[in-house]
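# Structural characterization, general
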Amino acid sequence: MAIEEVPATGGLAGGSRVRLHRLSQRPDGDNWVIGRVETGDFIVVPDVAHRVITLLGEDRDIDDVAARLRAETGTRFAVADFVTALDGLGFVAAVDDQIRADDTRVKPSLPWLRPGYVRWLLHPLLPILVAGFAVAAVIMLVLHPGLLPSYRVLVWSKRAGLVLAVNAAIAWTLILVHECAHLAAARAAGVPARITLSTRLQFLAAQTDVSGVWAAPRRTRMTAYLAGMGIDICGAGICLLVLGLAGPHGLARSLLAVAVTLTVIGLSGQFMVFMRTDIYFALQDLTRCANLYAEGSGYLRYLGGRVTRRGPHPDPSLAYPAAQRRAIRLYSAVLLAGTAVCLGIEIVVTLPALVTLLARAMSEIGRTPLGSVDGVVALAILLGFQVLWMSRWWHRHRHQVQALTGKYLRTERR
């Protein structure tokens, strides 16, 4: 963010003294990452903006800060406009004697979980432990090829309702453990993370907001991003060790195999970076792009505008250094291709399979009492997930839908 280019939104006089909330600040190449850990809101600013924040912390008024900057650099900066932008972000606690309302704090999940309880998750030896479970899992698969994950192990009974209910319970237990690992790693760094339910394309997804770790060192950030995959690897390793060494039979073996297969599916899904998965956030951090998804989407819109000739629009990636520009353009290609393939599979494979399962469940109802119960359970699970997905999709996108609907209605009236 260039301090000279921040638009004024009004409300701050040059003689005002501004008190900021406690802001986390860390260098990031030639810039600074500044924000509030408790809300997860961060911005990337140049050195001069960091200097403004430092001077404001010395109880100087806005005019005094501007004069000091001009004396130091010989350049006039729009300090009042920049401070107004900080106020809009919720970084300003008070202006003169006026306390700003602060309703941006994130209500954390598991508030009883204290950083001291989980500080061990940031120990540098922990990745070695995860790697050990990964090696153990590979050894078990080499020694026992029959343990290789397969979709066939997911169908461990002829009762579709029973299979769906038990598999869903195992899957969501694994997902909850995965998200709790993110939360615990973030909490170890003092970040009030929060677990929510949302959608990503056609998928219903649990997600943990760990935005506050932007304030932490890179190793801590990476631990928070990858903690879920780490616990997945450990869990799969333990299940494979039990299967390979203890050799359970019957239902126990089937359920352990289901857990391994679902874990591998979940780990594979993390490589679908076009949906902002765990690996996406790690890549975003490594490329030093503050919002790789938004910038990649913006670049695609720019290319679409060129194709449709809707008017001259500047290439948004040109505002970034060469390395970040290459990352944005490469990611935009992955975003477009991945989204197209994912939606294509939904139309060609997933929807027909869903219709088949629904028809099969309905056909079971009325044949026998046990079959009827199983069919009803299967229908409830299949339809329940669709309703839940639609509910979360609407919660996430209703504002865009309402804005588009309003725009369309206004156009029609004309």
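This part takes up the overall build of the chain. Looking only at helices and strands, the chain has 12 helices and eight strands in total. Its C-alpha atoms give the chain principal-axis dimensions of roughly 85 × 65 × 40 Å. By the burial criterion, 38% of the 414 residues in the chain qualify as buried. Looking at the chain alone, contacts between residues at least 24 apart form 67% of all its contacts between residues at least 6 apart. Entry remark: accessible area of the chain is about 23,200 Å², with carbon and sulfur atoms responsible for 64%. Taking the average place of the 43 positive charges on the side chains of the chain and the average place of its 30 negative ones, the gap between the two points comes to 9 Å.

On the surface, a cluster of nonpolar side chains totalling about 560 Å² of accessible area is made up of Val341, Ile345, Ile347, Val348, Val349 and Leu351. If you trace the backbone, Ile345 turns up in helix 11 (residues 322-364). For Ile345, a relative accessible area of 45% corresponds to the partly exposed category.

Looking now at the packing of helix 1 (residues 47-56) against helix 3 (residues 79-88). Relative placement of two packed helices is described by the angle separating their axes and the distance separating the axes. Where helix 1 meets helix 3, the axes come as close as 11 Å, and the angle between the chain directions of the two elements is 80°. Considering their axes alone, helix 1 and helix 3 lie roughly perpendicular with respect to each other. Between helix 1 and helix 3, the residues in contact are Ala49, Val52, Ile53 and Leu56 and Val79, Phe82, Val83 and Leu86, respectively. Of the residues in the contact of helix 1 with helix 3, the class split is eight nonpolar, no polar and no charged.

Quick look at the confidence of the model for the chain now. Of all residues in the chain, 93% attain a pLDDT of 70 or more, and the chain-wide mean is 88. Contacts for the low-pLDDT stretch residues 1-10, under 50 throughout, to residues beyond four places or in other chains number 20 contacts.

So, about the packing of helix 10 (residues 292-308) against helix 11. Where helix 10 contacts helix 11, the two axes come as close as 8 Å, and the packing angle between them is 80°. Between helix 10 and helix 11, the angle falls in the class roughly perpendicular. From helix 10, Leu292, Tyr293, Glu295, Gly296, Ser297, Tyr299 and Leu300 reach across to helix 11, where they touch Ala327, Ile328, Arg329, Tyr331, Ser332, Leu335 and Leu336.

Looking now at the packing of aromatic side chains. Each aromatic ring pair is characterised by the separation of its centres together with the angle its planes make. A complete count under the given rule lists six aromatic pairs for this structure. Consider the rings of Tyr280 and Tyr331, whose centres lie 5.6 Å apart with planes at 45°: the pair is tilted. Placement of the pair is Tyr280 in helix 9 (residues 278-286) and Tyr331 in helix 11, with a sequence separation of 51 residues. Tyr331 matches Tyr280 in its accessibility class, with the two residues each being buried. Centre to centre, the rings of Trp389 and Trp393 are 6.3 Å apart; their planes meet at 25°, and the pair counts as stacked. Of the two residues, Trp389 and Trp393 both sit in helix 12 (residues 369-413), four residues apart, roughly one turn of that helix. When its relative accessible area of 22% is taken as the criterion, Trp389 is described as partly exposed. Taking relative accessible area as the criterion, Trp393 reaches 30% and is therefore assigned partly exposed. Every member of this aromatic cluster is reached through a ring pair, and the members are Tyr225, Tyr280, Phe281 and Tyr331. The ring of Tyr293 has Arg276 sitting right over it, with the charged end atom 4.0 Å from the ring centre.

Rules and cut-offs
Residues numbered from 1 in each chain as written. Predicted model: local features only at pLDDT ≥ 70, side-chain atom pairs only at ≥ 80, totals over all residues. Heavy atoms only, no water. Helix = DSSP H or I, 4+ residues; strand = E, 2+ residues; numbered from the N terminus. Buried < 20%, exposed > 50% of the residue type's maximum accessible area, 1.4 Å probe, protein only. Contact = heavy atoms within 4.5 Å. Areas by Shrake-Rupley, 256 points an atom, 1.4 Å probe, with all protein chains shown as cover. Lys, Arg positive; Asp, Glu negative; His and termini not counted. Charge placed at Lys NZ, Arg CZ, Asp CG, Glu CD. Patch = residues over 30% accessible without salt bridge, like charges linked within 9 Å, V, L, I, M, F, W, Y side chains within 5 Å. Salt bridge = Lys/Arg side-chain N within 4 Å of Asp/Glu carboxyl O. Axes fitted to C-alpha atoms, helices over the stretch in contact; angles between N-to-C directions. Parallel < 35°, antiparallel > 145°, perpendicular 65-115°, else oblique. Nonpolar A, V, L, I, M, F, W, Y, C, P; charged D, E, K, R; others polar. pLDDT = per-residue confidence, 0-100. Phe/Tyr/Trp six-rings, centres within 6.5 Å; stacked < 30°, edge-to-face > 60°. Lys NZ or Arg CZ within 6 Å of the ring centre and 35° of its normal.

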